[in-house]
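Single-letter residue listing:
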Amino acid sequence: MISRRSMLAALVAAGVPIGRLPLLAAEGPNGSPVRPFDFDGLMAKAQAAAREPHRPAPLVAPAVLDRIDYDAHWKIRFRPEAAPLIGATPMQLFHLGRYAREPVRVHVIEGGVAQGLPYSPSLFAMPVDSPARLLGQDAGFAGLRLMRRGNGPDWLSFLGASYFRCDGPDGQYGLSARGLAVDTALPWPEEFPRFSEFIVGPGEREGEDVVVYARLTSPSVEGAYRIGASLLPQGPQRCEVAARLYFREGVERLGVAPLTSMFWFSETNRPEASDWRPEVHDSDGLAMHTGVGERIWRPLRNPDEPVLTSFLDDGPRGFGLIQRDRDFSSYQDDGVFYHRRPSAWITPRSYWGEGAVQLFEIPTQDETFDNIVAFWTPKLQPAAGATLAYDYAIDWQERDPAPSSLGRAVATRRGDGGIPGQPAPSDRTKYVIDFEGGALAGIEDGVELSVEARDGALFQPSVHAVVGTNRWRAIFDLSAEPQARVELRAFLHRRGDALTETWTMLAQA
């Protein structure tokens, strides 16, 4: 008896689009019926895998994959006419290559059952001399992406390890989310869990366009994920994530709801870069809403050496990597459009307990590599045999949500300290922070600056309204011992009431 997989592969090889394939009954071991797919079954599968030794995915023809470099991979395109419809949403698949080597299994939910999609080179348009033609019929896929209706541009993609991302309200990809981070910023190599299997179906809850179920695997942990994705009316997207984690081994630093981005330079460190553009970054700050309700803004840095910063909290209400500056003139880049890059905001759907939002900043000399990571890490790290559950939303939007009553930090600049016209002291750095919006609107006087410097000395702190704008400007000089790292905190207030969020920065003398 010919198997369902063989029949599907033969039809695909003959050029029949996946979206037009006949619905064939699924089969289990020895032709037994397959139970309808559900999240409980996926969780059971992950939990069972955690009781067994980790089995890395075998690579298909590694020498051939090495030949599918960036340029060769770019020339391999999924045929739009072959895209299966997930409800009303077309889905396309990514081909394997040098930088996406580990195959993933992709299924669609048909009649309540997960139906596997077989790989065939005929699903892809590729040059006649493409090395991908040497992979054969069982290569597998690298990932998937969801398209706007009519095979318009994609708005959600999964490709590589456990990375996924949405293109935000302006239709421009930027930062990425990850399913999980393991042992980031430790003396030994980081572990990168990967999504090994996707099961994709129409949305099951109100407002969902698509639901993506995924199996996560790595040496330390197995996981089951449910990601309900929604393309919201004005352009933003929301991913409701349910993560169920089963630990084969203990983890030293678990990163929950990790975000990954790129920051090269902004108005803060512009003199350190030789590029012609005024700013180059996918995100310009880390925003946090703490368990006690404080709003914190941390401008990103491109440090001289890797720096990990922890923001202790209990029951965080939200955090995210944000692209606040959305003015084209700040970037002058009409090719990759940094002013359109989305922000990503994490909202826990339950109490996450004690822990910390951690920010890892890595030096970079260009814009080609992600060098910023932010995630939540629990105070109590999981041991072997532990089970954890995290539910959260990721909103891909213009900026971080903030109450209308609070002003935001919109620019951070620094330069030589001192007073113009007088000799510049060699041991001082001037900081200038602009705040705008919220309760600052319409205020003409009475605004005061509160600023602190841990392990540093402050000079001439002041605040004033910026003429011709709606901004208030905080200014101070900082002096510190050579190589000292100084934690700065500042906010504006009036008669004891906070007018702005809290601005923070790690300054290095």
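Residues numbered from 1 in each chain as written. Predicted model: local features only at pLDDT ≥ 70, side-chain atom pairs only at ≥ 80, totals over all residues. Heavy atoms only, no water.

A. Representation of the nonpolar core within the structure. Formed by 79 residues in total, the largest nonpolar core has its most connected members in Met91, Phe164, Cys239 and Ile394. The biggest single contributor to this core is strand E15 (residues 237–247), with five residues. When neighbours within four sequence positions are excluded, methionine 91 is seen to be in contact with Phe78, Ala83, Pro84, Ile86, Val106, Val108, Leu117, Leu144, Arg145, Leu146 and Val200. Listed in part, the 29 residues of the second largest apolar core include Val451, Val463, Leu492 and Leu499. (Core = buried A, V, L, I, M, F, W, Y, C linked by side-chain atoms within 4.5 Å. Buried < 20%, exposed > 50% of the residue type's maximum accessible area, 1.4 Å probe, protein only. Helix = DSSP H or I, 4+ residues; strand = E, 2+ residues; numbered from the N terminus. Contact = heavy atoms within 4.5 Å.)

B. Structural detail: helix H2 (residues 39–50). With 12 residues, H2 extends 17 Å between its outermost C-alpha atoms, agreeing within 8% with the 16 Å of an ideal straight helix rising 1.5 Å per residue. For H2, the set of buried residues is Phe39, Leu42, Met43, Ala46 and Ala50. Here the buried residues of H2 occupy an arc of 100° about the axis, which is enough to place them on one side. On its buried side, H2 packs onto strand E12 (194–202), strand E13 (210–217), strand E14 (221–231) and E15. (Expected span 1.5 Å × (residues − 1). Arc of directions from axis to C-beta.)

C. The sheet that holds strand E27 (residues 408–416), seen in detail. Spatially, four strands are ordered E27-E28-E31-E30 in an open sheet, and the strand pairing comes out antiparallel. At either end of the open sheet lies a strand with only one pairing partner, and these are E27 and strand E30 (457–465). The average undirected angle you get between the axes of adjacent strands in this sheet is 15°. Examined bridge by bridge, strand E28 (residues 428–436) and strand E31 (residues 471–479) share nine bridges and lie antiparallel to one another. Across the sheet, the residue bridging to arginine 428 is serine 479, located in E31. (Pairing = 2+ DSSP bridges. Axes fitted to C-alpha atoms, helices over the stretch in contact; angles between N-to-C directions.)

D. Spatial organisation of the pattern of salt bridges. Under the definition given, this model contains 35 salt bridges. For the salt bridge of aspartate 282 with arginine 341, the shortest nitrogen-to-oxygen distance reads 2.6 Å. Residue aspartate 282 is located in the loop between strand E18 (280–281) and strand E19 (285–289), and its partner arginine 341 is located in the loop between strand E22 (318–322) and strand E23 (343–348); the two are separated by 59 residues in the primary sequence. Among the residues examined, arginine 341 registers a relative accessible area of 9% and is labelled buried. Among the ionic pairs, arginine 301 bridges to glutamate 361, the shortest N-O distance being 3.8 Å. In this pair, arginine 301 is assigned in the loop between strand E20 (295–299) and strand E21 (307–314) and glutamate 361 in strand E24 (residues 354–361), connecting sequence segments 60 residues apart. On the basis of relative accessibility, which here comes to 13%, the residue arginine 301 falls in the buried class. Exposure remark for glutamate 361: the relative accessible area of 1% places this residue in the buried category. In the salt-bridge network here, residues are joined through shared partners; they are Arg413, Asp434, Glu436, Arg471 and Arg473. (Salt bridge = Lys/Arg side-chain N within 4 Å of Asp/Glu carboxyl O.)

E. Region of the structure containing the packing of aromatic side chains. Within this structure, the stated rule accounts for 18 aromatic pairs. Arranged with centres 5.7 Å apart and planes meeting at 65°, the rings of phenylalanine 195 and phenylalanine 198 form a pair that is edge-to-face. Of the two residues examined, phenylalanine 195 and phenylalanine 198, each falls in the buried class. Among the aromatic residues, those joined into a ring-pair cluster are Phe158, Phe164, Phe195, Phe198 and Tyr225. Over the ring of tryptophan 74 we find arginine 77; its NZ or CZ atom is 4.0 Å from the centre of that ring. Sitting above the plane of the tryptophan 297 ring, arginine 324 keeps its charged end 3.7 Å from the centroid. (Phe/Tyr/Trp six-rings, centres within 6.5 Å; stacked < 30°, edge-to-face > 60°. Lys NZ or Arg CZ within 6 Å of the ring centre and 35° of its normal.)

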